[in-house]
Amino acid sequence: SSAPSPPPPLLPESTRSVLAMAAGNVLSALLGGFGGCGVIPQNILNARLGGRERLSAIWFVVALAASVLALAPLIGSIPVAALGGVLAVVAFNTLQIGPTIETLSAAVEKGETEDLVNFLVVAVTTVVCFKVDVAGGIVLGAVLERGLKAAANLPIALETAEEEESGL
């Protein structure tokens, strides 16, 4: 007789990860730090170096913190312009230009609803991020995507409901 399997988690893994990052940002702000999404480049670097499990992310953070603490005087002597260059390279490496271009091309060529929604969300999010605020652009993009996809599926849902109603 095997042991019963544990109950499924209340939230999906991706939702728990986002909530954990949000909690970390709040804690950082409360401690006087700068909250943000700096974890994204770290995760990308960790994955490119072969890390796939949670333990690899923990070791990555521990190694990063130890190197920053141990090398603080050396890091403090790096010119701000050089750090800006590193930031630009990280931003460029984080950007997924290939999938973005594929989404835009598919939207223009096919004209399918989902592709058009993706195109519109990318365009609006990009403009709002550059012209207004990054956080506002991300929130607006997420809300816009959910709303447009729900609106696109509404006729299908209504048709299904009518069929079920007439079948009764």
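In what follows, the structure referred to is the one given above.
Just so it is clear, the model here is predicted, and its values are computed rather than measured.

Draft legend 1. Broad picture of the overall build of the chain. When you go through the chain residue by residue, the secondary structure sums to eight helices and zero strands. Each helix (α) and strand (β) of the chain, taken in turn from the N terminus, gives the series α-α-α-α-α-α-α-α. By the burial criterion, 7% of the 168 residues in the chain qualify as buried. For the chain, the share of sequence-separated contacts (at least 6 apart) that also reach a separation of at least 24 residues comes to 33%.

Draft legend 2. Main features of the packing of helix H6 (residues 97-110) against helix H7 (residues 113-131). The interhelical angle for the contact between H6 and H7, taken along N-to-C directions, is 130°, at an axis separation of 8 Å. It follows that H6 is oblique to H7 by the angle criterion. H7 is crossed by H6, and the crossing has left-handed handedness. Side by side, H6 and H7 meet where Thr100, Thr103, Leu104, Ala106, Ala107 and Lys110 of the first sit next to Asp115, Leu116, Asn118, Phe119 and Val122 of the second. Across the contact of H6 with H7, the residue classes break down as six nonpolar, three polar and two charged.

Draft legend 3. Molecular detail of a nonpolar patch on the surface. A surface patch of nonpolar side chains, amounting to about 550 Å² of accessible area, comprises Leu64, Val68, Leu71, Leu74, Ile75, Ile78 and Leu83. Of all elements in the fold, only helix H3 (54-70) and helix H4 (72-76) reach the threshold of two or more residues within the nonpolar patch. Mapped onto the elements of the fold, Leu71 is located in the loop between H3 and H4. A relative accessible area of 41% places Leu71 in the partly exposed class.

Draft legend 4. Examining a negative patch on the surface more closely. On the surface, a cluster of negative charge is contributed by Glu162, Glu163, Glu164 and Glu165. With respect to the element layout, Glu163 can be found in helix H8 (residues 134-167).

Draft legend 5. Quick peek at the pattern of salt bridges. Enumeration according to the criterion identifies one salt bridge in this entry. The salt bridge partner of Glu145 is Lys149, with a shortest N-O separation of 3.1 Å. Of the two residues, Glu145 and Lys149 both sit in helix H8, four residues apart, roughly one turn of that helix.

Draft legend 6. Representation of the side chain of Thr125 in the model. Among the structural elements, Thr125 can be located in helix H7. The exposure class assigned to Thr125 is buried, which follows from its relative accessible area of 18%. Each residue touching Thr125, except ones within four places of it in the same chain, is listed here: Gly137, Ile138 and Gly141.

Draft legend 7. Focus on the environment of Val128. With respect to the helices, strands and loops of the structure, Val128 is situated in helix H7. Classification of Val128 as buried rests on a relative accessible area of 15%. C-alpha of Val128 to C-alpha of Gly141: the two residues are 13 residues apart in sequence and 8.8 Å apart in space. Not counting the four nearest positions on each side in its chain, Val128 is found in contact with Asp133, Gly136, Gly137 and Leu140.

Definitions and cut-offs
- Residues numbered from 1 in each chain as written.
- Predicted model: local features only at pLDDT ≥ 70, side-chain atom pairs only at ≥ 80, totals over all residues.
- Heavy atoms only, no water.
- Helix = DSSP H or I, 4+ residues; strand = E, 2+ residues; numbered from the N terminus.
- Buried < 20%, exposed > 50% of the residue type's maximum accessible area, 1.4 Å probe, protein only.
- Contact = heavy atoms within 4.5 Å.
- Axes fitted to C-alpha atoms, helices over the stretch in contact; angles between N-to-C directions.
- Parallel < 35°, antiparallel > 145°, perpendicular 65-115°, else oblique.
- Left-handed = near helix turned anticlockwise from the far one by under 90°.
- Nonpolar A, V, L, I, M, F, W, Y, C, P; charged D, E, K, R; others polar.
- Patch = residues over 30% accessible without salt bridge, like charges linked within 9 Å, V, L, I, M, F, W, Y side chains within 5 Å.
- Areas by Shrake-Rupley, 256 points an atom, 1.4 Å probe, with all protein chains shown as cover.
- Salt bridge = Lys/Arg side-chain N within 4 Å of Asp/Glu carboxyl O.
- Lys, Arg positive; Asp, Glu negative; His and termini not counted.
- Charge placed at Lys NZ, Arg CZ, Asp CG, Glu CD.

Shape is all these values report; function is a separate question.
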